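Tertiary structure, described
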Amino acid sequence: MGSPETQESNDSFYVSHKFMDVAKYMLEQNGLLGSFAKYIQYKKAIKEFLTEKGANVADRKSVFEQFNVIDKKVKCGHYPYQFLLMAKYILDLKVPGPIVECGCYKGGSTAKLSILAKMTNRKLYVCDSFEGLPSPQFEAEAKMHGIVHGYNTTFHKGEFAGTMEEVKSNIRNYGCIDVCEFVPGYFENSLPGIKIDPAFVFIDVDLVTSARDCFKHLWPQLLKGGLWFTHEAAYHEYIYGIMDKTWWHENLGECPPLIIGAGTGLSPLAHAIAYMEKL
Ligand SMILES: C[S@@+](CC[C@H](N)C(=O)[O-])C[C@H]1O[C@@H](n2cnc3c(N)ncnc32)[C@H](O)[C@@H]1O
């Protein structure tokens, strides 16, 4: 099982941050001692985030506090520490240029990225269908749902839908809407021809086909030294799908980049997160 999702309705899963859901999931996954160890690890990671040498302590504290509010108020498809970890990379990133998010669901991750964009004087491009996932293109892709979500289920069209209005409202309430530019539509239609030259890209799009659309149109534009983060990193099938050598050669004319954290994630507290750097 990949995460403590709650089945919210027949067609939508999200990471529940309710104490009882998290506690139940932790106990199921790690047992009592293991859960305690994870809790200590989490507390330590937060302390490190807040007090890291050379970091702007006030900025880190502000990020942490604002993210906490978002975690409580918005249904998110990620764990709190995954975004604290990415926050470190964004706050430390020397390359100027916009941030791109592909896959925003209800806008919780978007609100967080907008706060980081504002703090680092960047624009945030928000790319999503605002209608949820498209239809999976092949059976193995659809079945990855079972691996990621731990249920005997498949990804399906319309899952993880957040309307433009919902997303905007969550950003207005908990993030910084003034730095956001919205790019609505399925990636295969919305990304061709777009000119962004991002310094940082985060994709959380579940399907290999969707991720490939992002790579095809945005990877060539990622600035040198820029970072590309992906969700779903712990799932081997996803990593094999997005790093397929033949696909990269045929579509981008290059070898796939090294992906740091593939198969395990960057931390036991952020098992879904890995990244690539544009060399
Ligand atoms: C798991 S949700 C994102 C979760 C969100 N990042 C969070 O942490 O709360 C996946 C999102 O990807 C979007 N998506 C997936 N494939 C897409 C595609 N081909 N075109 C546009 N949007 C897509 C869905 O609409 C959905 O909003």
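Residues numbered from 1 in each chain as written. Predicted model: local features only at pLDDT ≥ 70, side-chain atom pairs only at ≥ 80, totals over all residues. Heavy atoms only, no water.

1. Here we look at the site of the ligand
We count it as follows: Nearness here has a simple test: a residue counts as near a molecule or strand if at least one of its heavy atoms is within 4 Å of that partner. Here a polar contact is taken to be a pair of N or O atoms separated by no more than 3.5 Å, where protein atoms must pair a possible hydrogen donor with a possible acceptor and residues adjacent in sequence count only if both atoms sit in side chains. Surface accessibility in these figures is a Shrake-Rupley result with a 1.4 Å probe; residues are shielded only by whichever protein chains are displayed. Side-chain classes are defined by residue name, with Ala, Val, Leu, Ile, Met, Phe, Trp, Tyr, Cys and Pro counting as nonpolar, Asp, Glu, Lys and Arg as charged, and the others, Gly among them, as polar.
Close to the ligand lie 21 residues, the nearest being Gly-77, His-78, Gly-103, Asp-128 and Ser-210. One nitrogen or oxygen atom from the main chain of Ser-129 is found 3.1 Å from a nitrogen atom belonging to the ligand. Here Gly-132 contributes a backbone N or O atom positioned 3.1 Å from an oxygen atom of the ligand. Protein chains bury 99% of the 600 Å² of accessible surface belonging to the ligand in isolation. Along the lines of polarity and charge, the residues of the shell around the ligand split into nine nonpolar, eight polar and four charged.

2. As for a nonpolar patch on the surface
Note the cut-off: Like charges within 9 Å and nonpolar side chains (Val, Leu, Ile, Met, Phe, Trp, Tyr) within 5 Å are joined into patches, using only residues over 30% in relative accessible area that form no salt bridge. Here, a salt bridge means any side-chain nitrogen of Lys or Arg that lies within 4 Å of a carboxyl oxygen of Asp or Glu. We count a stretch as a helix when DSSP gives it H or I for four or more residues in a row; a strand needs E for two or more, and each element gets its number in order from the N terminus. For the exposure calls, accessible area comes from a 1.4 Å probe over protein chains only, and a residue counts as buried if that area is under 20% of its type's maximum, exposed if over 50%, partly exposed in between.
On the surface, Phe-36, Tyr-39 and Ile-40 cluster together into a nonpolar patch covering about 330 Å² of accessible area. Counting through the fold element by element, Tyr-39 comes out in helix H1 (residues 19-51). With a relative accessible area of 47%, Tyr-39 lands in the partly exposed category.

3. Section: helix H4 (residues 108-119)
To keep it simple, the criterion reads: A helix's residues, less one, multiplied by 1.5 Å, set its expected span.
With twelve residues, H4 extends 17 Å from end C-alpha to end C-alpha; this agrees with the ideal 16 Å at 1.5 Å per step. Following H4 by one or two positions, Asn-121 adopts a phi angle in the positive range, close to 55°.

4. Notes on the confidence of the model for the chain
Formally: A residue's pLDDT is the confidence the predictor assigns to it, expressed on a 0 to 100 scale. For this analysis, residues touch if any pair of their heavy atoms sits within 4.5 Å.
Of the residues in the chain, 90% reach a pLDDT of 70 or more, and the chain-wide mean stands at 90. Put simply, strand S1 (residues 5-9) is where the chain has its lowest mean pLDDT, 42, and strand S3 (residues 99-102) is where it has its highest, 99. Contacts of residues 1-13 to residues separated by more than four positions or lying in other chains number 47 contacts, the stretch itself having pLDDT below 50.

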